[in-house]
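Coordinate analysis (summary)
So you can see what is in the structure, the chains are spelled out below.
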Amino acid sequence: MKTSFFSLGTYLPPPGGSGWPVPPGLYDPELGVQAMERQFAQWAYADELGYDWVSFSEHHYMPNLLQGNAITVAAAAAQIVKRAKIAVLGPIVAFNNPIRIAEEIGILDNLSGGRAVILFLRSGGFEYASYTANIEESRERTQEATELIVRAVTEPQPFGWEGKYFRYRTIAPWPTPVQKPHPPFFYSGNSFESAAFAARHRLGLACSFYSTEYLATIIDYYNREAAKAGWTPTREHVLYRGLCCICETDAEASKRGDRILNGQMSGEGGLVSQAFGRLQWQGGPETVVEQCRELHDIGFGTIDLTFVGRRPDEPPTSDEYIRHGMKLFAEEVMPKIRAFGDQPAVEGVSKSQTAGAK
Amino acid sequence: MVQVAITDLYKRGVAQVNGFEIPYYEAGDGPPVLVLHGVGGVVQFPGVDALTDRFRLIAPEIPGMHRHPYDHSASMRDVAILLAAFAEQIGLESYSVLAFAAAAKAGAWLASEASEQVEALILSSPIAILPEGHRLPLASTESLRHQADGGGAPKGMSGVMSVNESGFVRRVFGANRDAEFEAMLGTLKIPVLSLFGTEDFLVPPEIGRLYREFMPKSHYLLVPYSGPLIAIQRPSAFTSAVGDFLSWKSDFVYGHKSEILNP
């Protein structure tokens, strides 16, 4: 099983204000630059610790996710991270210019020497308000944009596109990606319809936050739809993203995690609400290994981790808890989950009783 | 055999060409466009009808491509020569050509044979260059009709036929890869647009790359959510792309409509 480190680039301390959007007038450039520098250090550290991917994700007007254009951030990371893949999970394709994204994918894959991984993200909620986009049409727009981007990065001749949502009469991006036919592409896969689309288009499946019971049915459906489309996904095609609170002991992880879940940790509380009010991994190393095994057993091959769990006594601008979680996971969990290998998935969901990933 | 119903939008005429009667249908005002139907005869497509508010459309029943037997053309080039004579007979001094499916080869040859008259060429889901060894699906007739019916087309669309039903087309089509035809494409000096539905089950849409290779200044346009009947399945997309191309030729790649939201 492979491991991805999701770098938030959080602005600290939380700027105050309530709700969304947070007023830009509260932004202090000095703290913003510090947030960027913390990211740089985290990326380098993840690379050093052996994480397989460093990941990024587009979010708008959010102090805890300073990635309005995730590919821009990823391009910077590609110069710091020398080994791990650069995973943009991803650009929100429904309301951005798909041709611009295709061009950015080509640039990123070249900048990183062929290490780009891309998720075509639909997203939802506030993100659509940020660009006055129509959320009712978002599913079909995401699908059309995805088809268009895949075409744009693979088509050898200039072509045009007369879609429902996108019209471009001349498309010929330069540079094309280093990876042929294209970098690994994933599609948001939290619903059956999305899983079917991903399968039909031979895209990887990226799930997030939901329970293993539910996602087992999604993956099974994805595999069956892929078979109908004439191909067989492997674990490499299936990705899971979630929040991870890992400590030396289950008791400590429980204490810290519960503080987040109870809303006692400003900033991190917002992350948890996006993750459906749950921590997907919570516990000491052995418990987290079992939670990973549960995901592995239903077919996931890569996990994308956001580390949470600040100590109450930790200064609000410190990311020590993130670095601690990264290190503990890399030393105590990563070697064990790598050994899961790529053996066939176990039928059904693991019976292991775990605190998270439920 | 089902007859194709043509609505009152079109008036019918007949031209005498080389001793043959060629019926044709005409509608609209504006620059003339010769519309070349695929196998089965003149079929009314919503996406084509909508062009009549800007263009004068003339759709001849192509001898051999219609339902009547015709043995006087040995090749699509012969068909094109006959169509050039037809255009001259009805007094067209200059015109564009919009050719569908199996008529694409004749349309392209017409652009070559009447190079002084033809101003632009549009090939919709062309069946003119096929991959080596490619055979059109035998089930295509029913599939086409199903798509036509599902596209909200006017009555009469059951006249849609596949190439497999036409002995004439099979006889005059030539090889899947026709070197003479492909070389001719490279000599065309006019703007050319080829359109393909991304869900075309007759011809892989990627064949459009070859048109682009043979005609490097041509335009290769993909239409998602559509099979081979783009003018039925995506009528507004068809009208938009073809109408813009007929109006602006190669400059159709630029936006010409104001994008001001709130003046």
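Procedures and definitions
Residues numbered from 1 in each chain as written. Chains lettered and ligands numbered in written order. Predicted model: local features only at pLDDT ≥ 70, side-chain atom pairs only at ≥ 80, totals over all residues. Heavy atoms only, no water. Helix = DSSP H or I, 4+ residues; strand = E, 2+ residues; numbered from the N terminus. Buried < 20%, exposed > 50% of the residue type's maximum accessible area, 1.4 Å probe, protein only. Contact = heavy atoms within 4.5 Å. Areas by Shrake-Rupley, 256 points an atom, 1.4 Å probe, with all protein chains shown as cover. Pairing = 2+ DSSP bridges. Axes fitted to C-alpha atoms, helices over the stretch in contact; angles between N-to-C directions. Expected span 1.5 Å × (residues − 1). Polar contact = N/O pair within 3.5 Å; in protein donor to acceptor, adjacent residues only side chain to side chain. Parallel < 35°, antiparallel > 145°, perpendicular 65-115°, else oblique. Left-handed = near helix turned anticlockwise from the far one by under 90°. Nonpolar A, V, L, I, M, F, W, Y, C, P; charged D, E, K, R; others polar. Buried area = accessible area lost by both parts, 1.4 Å probe. Salt bridge = Lys/Arg side-chain N within 4 Å of Asp/Glu carboxyl O. pLDDT = per-residue confidence, 0-100. Phe/Tyr/Trp six-rings, centres within 6.5 Å; stacked < 30°, edge-to-face > 60°. Lys NZ or Arg CZ within 6 Å of the ring centre and 35° of its normal.

Here's the deal with the overall build of chain B
When helices and strands are counted, chain B shows 9 helices and 8 strands. Burial statistics for chain B: of 263 residues in total, 59% are counted as buried. For chain B, restricting intrachain contacts to residue pairs at least 6 apart in sequence, the fraction spanning at least 24 positions comes to 77%. As displayed, chain B has an accessible area near 11200 Å², and 50% of this comes from carbon and sulfur atoms.

Quick word on the sheet that holds strand β3 (residues 32-36) of chain B
The strand order across the open sheet built from 10 strands is β6(A)-β5(A)-β8(B)-β7(B)-β6(B)-β5(B)-β3(B)-β4(B)-β2(B)-β1(B), with neighbouring strands paired in mixed fashion. Of all strands in the sheet, those with a lone pairing partner are β6 (167-171) of chain A together with β1 (11-17) of chain B, marking the two edges. Here the strands of the sheet are splayed against their neighbours by 20° on average, with no regard to which way each runs. The pairing of strand β5 (residues 159-162) of chain A with strand β8 (residues 219-223) of chain B spans 2 bridges and is parallel. Among the inter-strand pairings, A:W161 is bridged to a residue of β8(B), identified as B:L222. Strand contacts of helix α2 (residues 76-89) of chain B: β1, β2 (20-27), β3, β4 (56-60) and β5 (95-100) of chain B, with the helix running at about 115° to β1(B), the strand carrying the most contacts.

Quick look at helix α3 (residues 98-111) of chain A
Residue and element names in this part refer to chain A. With 14 residues, α3 should cover 20 Å at 1.5 Å per step; its first-to-last C-alpha distance of 20 Å lies within 8% of that length. For α3, the full list of buried residues reads P98, I99, I101, A102, E104, I105, G106, L108 and D109. Looking at the buried positions of α3, the neighbouring elements they touch are α2 (70-77), β3 (85-92), β4 (116-121), α5 (138-154), β6 and β7 (185-188). Between a side-chain oxygen at the N-terminus of α3 and the backbone nitrogen of I99 the separation is 2.8 Å; the capping residue is N97. Where α3 ends, the next residue or the one after it, G113, has phi of about 65°, a positive value.

Here we look at the packing of α3(A) against α5(A)
Two quantities define a packed helix pair, namely the angle between the helix axes and the distance between the axes. Residues and elements named next belong to chain A. One way to put it is that α3 packs onto α5 with a least axis distance of 9 Å and a crossing angle of 45°. By the angle between their directions, the pair α3 and α5 is classed as oblique. Crossing hand, α3 versus α5: right-handed. Residues P98, I99, I101, A102 and I105 of α3 form the contact with α5, whose participating residues are A145, L148, I149, A152 and V153. Partitioned by chemical class, the residues of the contact of α3 with α5 number 10 nonpolar, no polar and no charged.

Side note on the interface of chain B and chain A
Chain B puts 19 residues into the contact, and the matching count from chain A is 18 residues. With both sides pooled, the region where chain B packs onto chain A buries about 1700 Å², and carbon together with sulfur makes up 50% of that total. The largest contributions to the chain B side of the interface with chain A come from B:R209, B:L222 and B:Y225, which together make up 32% of the buried area. Viewed at the interface, chain A and chain B are joined by 3 salt bridges. We note a salt bridge from B:E206 to A:R151, for which the minimum N-O separation is 2.8 Å. If you look at where chain B meets chain A, you find 14 residue pairs in polar contact (both at pLDDT 80 or more). Residue assignment for the side of chain B that touches chain A shows that the elements contributing at least two residues are α7 (208-214), β8 and α9 (235-248) of chain B. Split by residue class, the side of chain B that touches chain A holds 11 nonpolar, 2 polar and 6 charged.

Description of the pattern of salt bridges
Taken as a whole, this structure holds 27 salt bridges over all chains when the rule is applied. Ionic pairing is found between A:K2 and A:E236, a salt bridge with its closest N-O pair at 3.3 Å. On the criterion of sequence distance, the pair formed by A:K2 in strand β1 (residues 2-6) and A:E236 in the loop between α7 (212-228) and β9 (238-246) is long-range, its members being 234 residues apart. Among the salt bridges present, the one from B:R209 reaches A:E155, with a minimum N-O distance of 2.6 Å. With B:R209 in helix α7 and A:E155 in the loop between α5 and β5, this pair bridges two chains. Exposure remark for B:R209: the relative accessible area of 24% places this residue in the partly exposed category. Assessed through its relative accessible area of 9%, A:E155 is described here as buried. Residues joined in a network through salt bridges with shared partners are A:E162, A:R167, A:R169 and B:D244.

A short note on the confidence of the model for chain A
Confidence in the prediction for chain A averages 91 pLDDT; 93% of positions are at 70 or higher. Of the regions scoring below 50 in pLDDT, residues 344-358 of chain A engages in 37 contacts with residues more than four places distant in sequence or in other chains.

What to know about the packing of aromatic side chains
In the structure shown here, the tally under the stated rule is 29 aromatic pairs over all chains. Ring plane angle 75° and centroid distance 5.6 Å describe the contact between A:Y240 and A:W281, whose orientation is recorded as edge-to-face. Here A:W281 lies in strand β10 (residues 281-283) and A:Y240 lies in strand β9, a separation of 41 residues in the sequence. When its relative accessible area of 0% is taken as the criterion, A:Y240 is described as buried. The rings of A:F5, A:Y51, A:F307 and A:F329 are connected pair by pair, giving a single aromatic cluster. Here the guanidinium or amino end of A:R323 rests over the ring plane of A:Y45, the centre of that ring lying 4.4 Å away. Of note, B:K105 hangs over the ring of B:F181, and the distance from its end group to the ring centre comes to 5.4 Å.

Digging into the confidence of the model for chain B
Residues and elements named next belong to chain B. For chain B, the average pLDDT comes to 88, and 85% of its residues sit at 70 or higher. Within the model, pLDDT remains below 50 along residues 153-158, and this stretch shows 16 contacts once partners closer than five positions in the same chain are excluded. The ipTM assigned to the predicted complex is 0.92, against a pTM of 0.92.

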